[in-house]
Amino acid sequence: MDATTTWSARVLFVSAGVLLVSGLLVWIGFPVLIGAHQLVGYALIASLWTLAFVAARRGVPMGVVVGAVAWGLLVLALGWGQRYILLGSSHWIVQVLHLAISMASMAWGRWLLASIRQRRVVSLHPAAYASERS
């Protein structure tokens, strides 16, 4: 795996853990962390999109790549807009939805990472070039 893929995966998984903890802290009453939470969220989405870019360059099916990019947009939209949706006693629904959708970004990242690894292995496999040598 190249450095871009390795670092993007690390940022994705570390930021997801930080976001989970900071999000729960915001949820239980520490709104001072919202700015930091958003900043780390941007890092998560940037790493997801970087993995999507690498995946596209490696020949991963475009449906997977576009799905990951669209998922990142969904996370951003819900993150930015959640303070305006279902205000009052029902706001917890939006918070849980934001948590679920954001954590699913890790699943997209894992899927992209597995696809990148698979494409790399296939492209480096000696049998793939056997017909060229003969």
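Higher on the page you've got the structure.
What comes next concerns the included structure.

So, about the pattern of salt bridges. Scanning the model with the defined rule gives 1 salt bridge in all. For aspartate 2, the salt bridge identified is with arginine 58, shortest N-O distance 3.2 Å. Separated by 56 residues along the polypeptide, aspartate 2 in the segment before helix H1 (3–27) and arginine 58 in the loop between helix H2 (34–57) and helix H3 (62–81) bring together distant segments of the chain. By relative accessible area, which is 26% here, aspartate 2 ends up partly exposed. Residue arginine 58 is classed as partly exposed on the basis of its relative accessible area, which comes to 25%.

Right, let's get into the packing of aromatic side chains. Taken as a whole and judged by the stated rule, the model has 3 aromatic pairs. Of the aromatic side chains, those joined through ring pairs into one cluster are Trp71, Trp108 and Trp111. Taking NZ or CZ as reference, arginine 10 lies 4.9 Å from the ring centre of tryptophan 7, over its face. A cation over a ring is seen here: arginine 110 above phenylalanine 13, with NZ or CZ 4.9 Å from the ring centre.

Examined against the element boundaries, serine 8 turns out to sit in helix H1. Judged by its relative accessible area of 7%, serine 8 is buried. Apart from residues lying up to four places away in sequence, serine 8 is in contact with Ser47, Thr50 and Leu51.

Here is what the cut-offs are and how they apply
- Residues numbered from 1 in each chain as written.
- Predicted model: local features only at pLDDT ≥ 70, side-chain atom pairs only at ≥ 80, totals over all residues.
- Heavy atoms only, no water.
- Salt bridge = Lys/Arg side-chain N within 4 Å of Asp/Glu carboxyl O.
- Helix = DSSP H or I, 4+ residues; strand = E, 2+ residues; numbered from the N terminus.
- Buried < 20%, exposed > 50% of the residue type's maximum accessible area, 1.4 Å probe, protein only.
- Phe/Tyr/Trp six-rings, centres within 6.5 Å; stacked < 30°, edge-to-face > 60°.
- Lys NZ or Arg CZ within 6 Å of the ring centre and 35° of its normal.
- Contact = heavy atoms within 4.5 Å.

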